[in-house]
Amino acid sequence: MMALSRTTLFGGVLLLAGVIGFALLPGFVGGYGLSMAINFLMFAILATAWAMFSGPSGYVSLATVAFFGIGAYTVAVLGERLPWGAVLLLAAAIAFLVALLVGLSTLRLRGVYFVIFSFGLAELIRQVVNWYESTQAGSVGRYVFLDITQEQIVWQLTAVLALLFIVGWLIERSRVGFALRMIGDDETVALHCGVNITLIKVLVFSLSAAFMALVGAIVAPRWTYLDPSIAFNPNISFQVLIMALLGGARRLYGPLLGVIPMVLLFEYLSTHFPHLFSVLLGVTFLAIVYLVPHGVAGLIEGYVQRYRKRFPGKRGGENAGAKARQGGAL
Amino acid sequence: MAFLDALLNGLTLGGMYALVAMGLTLQYGVARIMNLSYGEFLIAAAFAAFWLFQVQAINPLLALVLVVPVAFGANWLIYQIMLHPLVKRSRDRGELEVNSILATFGLLFVIQGLVLLLFGSNYFSYTYISNVFIIAGSPIAADRLLAVAVAVVLGTALYLLLMRTRPGTALRAVSVDPRAAQLAGIDVRAASAMAFALGGGLVAASGVLVSMFTTFNASMGVVFTMKALIVVIMGGAGHLMGALAAGLILGLVESFVAVYVAPGLTLAATFALFLIVLLIRPTGMMGRAGA
Amino acid sequence: MTTSTTLLSVRDVTRRFGNLRAVDALSFDIAEGEIVGLLGPNGSGKTTMMNLVSGALKPNAGTIRLAGDDIAGLPPNRIARQGIARTFQLVRVLPSMNCLDNVKAGLGFGAEPVWGSAADSRAEALLQRVGMAHRCWTLGKDLTYMDQKRLELARALALQPRLLLLDEWLAGLNPSELVEAIELLRKVRGEGVTMVMVEHVMDAIRSLCDRCVIMNAGAKIAEGAPAEALAEPEVVRAYLGDDAHA
């Protein structure tokens, strides 16, 4: 078996093309184009990071914005006091630790407890930050005056996206990724095969949280003014969930397929139907859950499998031969 | 005295939480649906009561009689049309939980969006009764007392329904083991729909009651859902008495934290309590041990 | 005759569920290389005992030792790494993964993990051993019942266990499948794997097991070679009730 399959090489080429494309983009588009690019990159990273854990494991996390907000707030508080690189690392580290704590307490239990806790986590952190700011820091909002241009944000996000894809790809082909898929299929079986399921879950969850915080930190300078309700806006968790589910959470490239149409749709909705935004979001989400439960990537996989059955190559030939010998019995 | 204030406030708050949680206990325990949109129904009912009071001059107690049956019917329909297909589609309980979480998450935004559309994002409140009683030197608002009194009546009615009637026993059977209940001749689908509708009716009642003494806005549903979920899990999913006890404990903890620590940290205290209970007894205070 | 060493030692193990004693002060030993049948009527606590040995449940009292090491109460993944593998009463395969991956699941996380291309060839060999070589790419959820059982066995063997627990592995098979399955187990036993079988299929027990331990209501009521143990009056009473005529 080859170490790198054709699809992987293809994916690698696409990734490289994407990176080069985004790196050169600022030379070709103006402010609005860059803003859209930032939106796209931001959600691409959030959705892919979300799916990295929640896709194979089946543990639906509703806490995306909790970690995003941690990243944004780290910049708001420390952005002017520490070098930029240190702030980014710190944001990722804090989110990693918080996720570690949350994970160790709730991932040892049934999936539903984790979902509930993640549901409330963003709200919880928002309240704590709010309390801290109003009692200790004196005022609730913060100003972010950092000299970072839109181009620099685009480049940083591109680099993080590329890093995420590489990390995600490495995990997928490693034992950790395999164990996570086992966990998603049947935790009891995974346990009895020797997998330390809590450790795996917590590690991957914390890693995805770190990436989410990185995004929050990088885009924070966009806002100049930041307060808890902006940084911890629950709509973000929700939008990420829609995109990842629409695209398909079980494949690394899946969420991207959902990000592209949804970023455009949300942009359109918030400009033309701001009052209907929530309702339409909910309806879109329901449509996905009921009509496309495995996302677009799932649909693609389904077509590929049916194609392989009708036009069997080497693998299909063995099975077809065996079936013929058994007289066609399945 | 601060202590008595906190105690009385905690008990009334806890009574409301218990009522709110009882509905979700039915939905989760019997129908096996983890309903993330639960709190939205509470808020929707609160707004309905507000509208009936301000525009139609119908007092909240009468509003109960109007709003609750509507909520009952709406939830029954939601179960049959939206949620039963998921039950059929799911291989096991875990998958049903994930699917119902996702579906009700979408429903959450639809309902919240509709309320936002109709009422906007401002805070609303109204005053029905403004008397204040003094008990042992501590003031207690009459509207809160009324709310708790109605909550007690409803809770007792629910308890009697579940324990003393045949349909109630059928519901309890389904919450213990749906397959065995089916073998005993119980229509599990009808029972689940009934339980889900009952839960919806209860949360609507809670919404009307809460609207009497709180300010509310369209985005508050999520916090109520969270607290209800926490109470249900803490009390051991499916246990009515557990929900009652957990609701009271939560109300007391929140009240004491608000008075003695900081009002802005009540949610943190709630979550801390939740975590502690989960770490010590993962099946909740009265849950079943084993598998 | 060589004296065999004790591989598994169960002493006074008790497990309660509320007021019910599913396993009541049970004690027995399994020697290396044996096939021991764990028998008893439904509800006698056999699967609970299996769960206690594999780590799926913790005992309330008593000790369980594997080759002298205390394993009672350890989580299942640590016990798996100590060398105990099992199949489940309701067969559990990984539905979204193909058969090769299902077996690799057993190869990659045990005491001596095997990964990469070595795992691929080992997995194929194991599938061949259980007669599933042609099903490498079939998904777990698309398998027939018999094939799922075979897959589970292959996965359990992938762990290279010292002790193999089979929980009603022969249940639900038609007569020709049963013959195949018993033959498969005989082959496995021939490779030196110690086995404990929870079973109801009496033919299989008589032909495979060296010894049986018979339970009722959580306690041991008989022990010995199948023919003798199954003939004891207490055992007959447990299976057939008091109205049975000899």
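Residues numbered from 1 in each chain as written. Chains lettered and ligands numbered in written order. Predicted model: local features only at pLDDT ≥ 70, side-chain atom pairs only at ≥ 80, totals over all residues.

Draft legend 1. Inspection of the overall build of chain C at higher detail. Looking only at helices and strands, one finds nine helices and ten strands in chain C. Relative to the compact-globule value of 18 Å for 246 residues, chain C shows a C-alpha radius of gyration of 18 Å, a close match. When the backbone C-alpha atoms are referred to their principal axes, chain C occupies close to 55 × 45 × 40 Å. Split into buried and exposed, the 246 residues of chain C put 45% on the buried side. Long-range pairs, those at least 24 residues apart, make up 64% of the contacts in chain C with a sequence separation of at least 6. (Helix = DSSP H or I, 4+ residues; strand = E, 2+ residues; numbered from the N terminus. Rg over C-alpha atoms; globule rule 2.2 N^0.38 Å. Buried ≥ 20, exposed ≤ 12 C-beta atoms within 10 Å, placed from the backbone. Contact = placed C-beta atoms within 7 Å.)

Draft legend 2. Summary view of the overall build of chain B. Looking only at helices and strands, chain B has eleven helices and two strands in total. Scanning chain B from its N terminus toward the C terminus, one meets helices and strands in the order α-α-α-α-β-β-α-α-α-α-α-α-α. Relative to the compact-globule value of 19 Å for 291 residues, chain B shows a C-alpha radius of gyration of 19 Å, a close match. If you line up chain B on its principal axes, its C-alpha atoms span 55 × 45 × 35 Å. Residues classed as buried in chain B amount to 52% of the 291 residues present. The contacts of chain B with a sequence gap of at least 6 include a subset with a gap of at least 24, amounting to 76%.

Draft legend 3. Spatial organisation of the interface of chain C and chain A. Taken residue by residue, the interface counts 23 residues in chain C and 20 residues in chain A. Listed by contribution, the elements that provide at least two residues to the side of chain C that touches chain A are helix 2 (76-82), helix 3 (99-107) and helix 4 (116-129) of chain C. It is helix 2 of chain C that provides the largest number of residues to the side of chain C that touches chain A, a total of four residues.

Draft legend 4. How the structure looks around the interface of chain A and chain B. Between chain A and chain B, the residue contacts involve 30 residues of the former and 34 residues of the latter. Among the secondary structure elements, those contributing two or more residues to the side of chain A that touches chain B are helix 5 (111-137) and helix 13 (277-291) of chain A. The biggest single contributor to the side of chain A that touches chain B is helix 5 of chain A, with 15 residues. A breakdown of the residues in the side of chain A that touches chain B according to their chemical character gives 18 nonpolar, eleven polar and one charged. (Nonpolar A, V, L, I, M, F, W, Y, C, P; charged D, E, K, R; others polar.)

Draft legend 5. Inspection of the sheet that holds strand 3 (residues 35-39) of chain C at higher detail. All names here are of chain C. Strand order in this open sheet of six strands is 6-7-8-3-9-10, and the pairing throughout is mixed. Unpaired on one side and paired on the other, strand 6 (84-86) and strand 10 (219-224) mark the two borders of the sheet. Neighbour-to-neighbour, the strand axes of the sheet open up by a mean angle of 20°, direction not taken into account. Across five bridges, strand 9 (residues 211-216) lies against strand 10 in antiparallel orientation. Among the inter-strand pairings, I214 is bridged to a residue of strand 10, identified as A222. (Pairing = 2+ DSSP bridges. Axes fitted to C-alpha atoms, helices over the stretch in contact; angles between N-to-C directions.)

Draft legend 6. Spotlight on the pairing of strand 2 (residues 20-31) of chain C. All names here are of chain C. Here eight bridges tie strand 1 (residues 6-17) to strand 2, and the two strands are oriented antiparallel to one another. The partner of S9 across the bridge, within strand 2, is D29. Hairpin connection from strand 1 to strand 2: two residues lie between these consecutive antiparallel strands, with G18 at a positive phi of about 65°.

Draft legend 7. Structural view of the nonpolar core. Counting residues in each nonpolar core, the largest one holds 284 residues, and the members touching the most others are A:I45, A:A95 and A:A213. Per element, the largest residue contribution to this core is 17 residues, and it comes from helix 9 (residues 197-219) of chain A. (Core = buried A, V, L, I, M, F, W, Y, C linked by C-beta atoms within 7 Å.)

Draft legend 8. View of the sheet that holds strand 4 (residues 61-66) of chain C. All names here are of chain C. Pairing within the open sheet is antiparallel, and its four strands lie in the order 2-1-4-5. In this open sheet, the two edge strands, each paired with only one partner strand, are strand 2 and strand 5 (69-70). Inspection of the sheet shows strand 1 paired to strand 4 by five bridges, in the antiparallel sense. Paired with R11 across the two strands is T63, which belongs to strand 4. Against the sheet, helix 1 (residues 46-54) contacts strand 1, strand 2 and strand 4, and its axis sits at roughly 65° relative to strand 2.

Draft legend 9. Local environment of the packing of helix 6 (residues 150-173) of chain A against helix 9 of chain A. Residues and elements named next belong to chain A. Relative to each other, helix 6 and helix 9 sit at 170°, their axes nearing to 10 Å. By the angle between their directions, the pair helix 6 and helix 9 is classed as roughly antiparallel. Along its contact with helix 6, which presents I153, Q156, L157, V160, L164 and I171, the element helix 9 presents V204, F211, L214, V215, I218 and V219. Class assignment for the residues of the contact of helix 6 with helix 9 results in eleven nonpolar, one polar and no charged. (Parallel < 35°, antiparallel > 145°, perpendicular 65-115°, else oblique.)

Draft legend 10. Representation of the pairing of strand 7 (residues 163-167) of chain C. All names here are of chain C. In terms of residue burial, strand 7 counts as a mostly covered element, since five of its five residues are buried. With burial as the criterion, each face of strand 7 is covered, one bearing L163, L165 and D167 and the other bearing L164 and L166. Note: strand 6 against strand 7, three bridges, orientation parallel. Its bridge partner being in strand 7, A85 is matched across the sheet by L164. Where strand 7 and strand 8 (residues 194-198) come together, five bridges link them in parallel fashion. Within strand 8, the residue paired with L166 across the bridge is M197.

Draft legend 11. Structural detail: the environment of C:V53. Residues and elements named next belong to chain C. Residue position: V53 is located in helix 1. A C-alpha to C-alpha distance of 8.9 Å links V53 and P76, two positions 23 residues apart in sequence. Contact partners of V53, with chain neighbours within four places excluded, come to I64, I84 and L165.

Draft legend 12. The arrangement of the packing of helix 3 (residues 64-78) of chain A against helix 4 (residues 84-106) of chain A in detail. Residue and element names in this part refer to chain A. At a closest axis distance of 9 Å, the pairing of helix 3 and helix 4 adopts a crossing angle of 140°. Taken as axis vectors, helix 3 and helix 4 run oblique relative to one another. Considering how the two elements wind past one another, helix 3 and helix 4 form a crossing that is right-handed. Only V87, L90, A91, I94, A95, V98 and A99 of helix 4 make contact with helix 3, whose side of the interface consists of F67, I70, G71, T74, V75 and L78. Each residue belonging to the contact of helix 3 with helix 4 can be placed in one class, and the counts come to eleven nonpolar, two polar and no charged. (Left-handed = near helix turned anticlockwise from the far one by under 90°.)

Draft legend 13. Up close: helix 11 (residues 234-247) of chain A. Residues and elements named next belong to chain A. Between its first and last C-alpha, helix 11 extends 20 Å over 14 residues, near the 20 Å set by a 1.5 Å rise per residue. Turning to helix 11, its buried residues number three or more, namely I236, S237, F238, Q239, V240, L241, I242, M243, A244, L245, L246 and G247. One or two residues past the end of helix 11 sits G248, with phi positive at roughly 115°. (Expected span 1.5 Å × (residues − 1).)

Draft legend 14. Up close: the confidence of the model for chain C. Of the residues in chain C, 97% have a pLDDT of 70 or more, and the chain-wide mean is 90. Among the prediction metrics, the complex's ipTM stands at 0.91, with pTM recorded as 0.88. (pLDDT = per-residue confidence, 0-100.)

Draft legend 15. Geometry of unusual backbone geometry. For A:T224, which is not glycine, the phi dihedral falls at a positive 50°. Turning to its location among the elements, A:T224 is positioned in the loop between helix 9 and strand 2 (225-226). On the neighbour-count criterion, A:T224 (11 C-beta atoms within 10 Å) is exposed. Positive phi is not limited to glycine here, since C:E168 has a value of about 50°.

Draft legend 16. Representation of the environment of B:A243. Residues and elements named next belong to chain B. Along the polypeptide, A243 turns up in helix 10 (residues 240-260). The class of A243 is buried, set by 33 C-beta atoms lying within 10 Å. Beyond its immediate chain neighbours, meaning those up to four positions away, A243 contacts A18, A21, M22, T25, V231, V232 and G235.

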